[in-house]
Amino acid sequence: VVARLYPASDYSIPGLYARASNSVRNAPLSQTLELTDQLLALRPNDAYFWELRGQALFEHGEIQPAIEAYNQALQFAPDEPVLLASAARVLLANKTYDSVTGALNLLNRALLKEPNNSGYWRMMAIGYSDAGAQGLSALAMAESGLASRQVSLAIGHAKRAQSLLEPNTPSWLRAKDIEIQAKLK
């Protein structure tokens with residue numbers, strides 16, 4: 001469909017973008033990068049063109065270059081939740097302490113804009129788990145359950161978080177709040 005609507009002879013931004021998006025999973029990485037290079041030559045400050053490049057690199061296992069592309073994207077749209085979360089996903093895949101810490105920072109920023117995004121909370125849980133903070137990981141999963149209205153998930157993880165966190169700390173109290181809120185739904 002994309003090839004019919006946007007043939008290779010179409011060098012418009014919509015044409016290039018459609019073919020680049022389509023090629024991420026359906027063509028060699030070199031083809032996608034060629035198309036994103038063309039887009040970036042037209043609009044070097046477009047965060048979403050950098051994001052597309054990062055996505056392509058990530059999906060082809062090129063983690064470090066993907067991180068660099070997402071860093072570029074965030075230079076041009078530093079507060080866009082979807083870009084923050086996408087960059088965090090790539091950092092989590094890198095599995096280093098600095099990357100996990102960076103991912104948690106980006107996810108916190110994304111959640112300030114979209115506090116009820118259950119997917120962001122799930123990624124936060126992965127990050128906390130990777131960092132060895134199992135109590136905070138359970139709390140983030142409880143937040144995810146609450147945000148997605150999955151009552152049993154929210155309650156189960158809230159109880160787990162309470163068992164792992166220091167009693168009466170802000171995180172423990174939030175877990176208790178989640179348990180209560182979920183029971184009211």
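This text follows the structure it describes.
Residues numbered from 1 in each chain as written. Predicted model: local features only at pLDDT ≥ 70, side-chain atom pairs only at ≥ 80, totals over all residues. Heavy atoms only, no water.

Once that is clear, we can look at the nonpolar core. In terms of nonpolar packing, the biggest core is built from 46 residues, with Val90, Leu106, Leu107, Tyr120 and Met124 touching the most fellow members. When residues in this core are grouped by element, the largest group, eight residues, is from helix α6 (residues 81-94). In terms of nonpolar packing, the next biggest core, distinct from the first, is built from 13 residues, Ala138, Leu139, Ala158 and Leu165 among them. (Core = buried A, V, L, I, M, F, W, Y, C linked by side-chain atoms within 4.5 Å. Buried < 20%, exposed > 50% of the residue type's maximum accessible area, 1.4 Å probe, protein only. Helix = DSSP H or I, 4+ residues; strand = E, 2+ residues; numbered from the N terminus.)

With that settled, consider the pattern of salt bridges. Considering all chains together, one arrives at seven salt bridges under this definition. In this structure, arginine 25 and glutamate 59 form a salt bridge, with 3.0 Å as the shortest nitrogen-oxygen distance. Residue arginine 25 is located in helix α2 (residues 13-26), and its partner glutamate 59 is located in helix α4 (residues 47-59); the two are separated by 34 residues in the primary sequence. Here arginine 25 falls in the exposed class, since its relative accessible area comes to 64%. Lysine 95 serves as the salt-bridge partner of aspartate 130, at 3.3 Å between the closest nitrogen and oxygen. Of this pair, aspartate 130 sits in helix α8 (residues 118-130) while lysine 95 sits in the loop between α6 and α7 (97-113), and the two are 35 residues apart along the sequence. Take lysine 95: its relative accessible area is 55%, and that puts it in the exposed class. Put simply, Lys176, Glu179 and Lys183 are held in one network by salt bridges that share partners. (Salt bridge = Lys/Arg side-chain N within 4 Å of Asp/Glu carboxyl O.)

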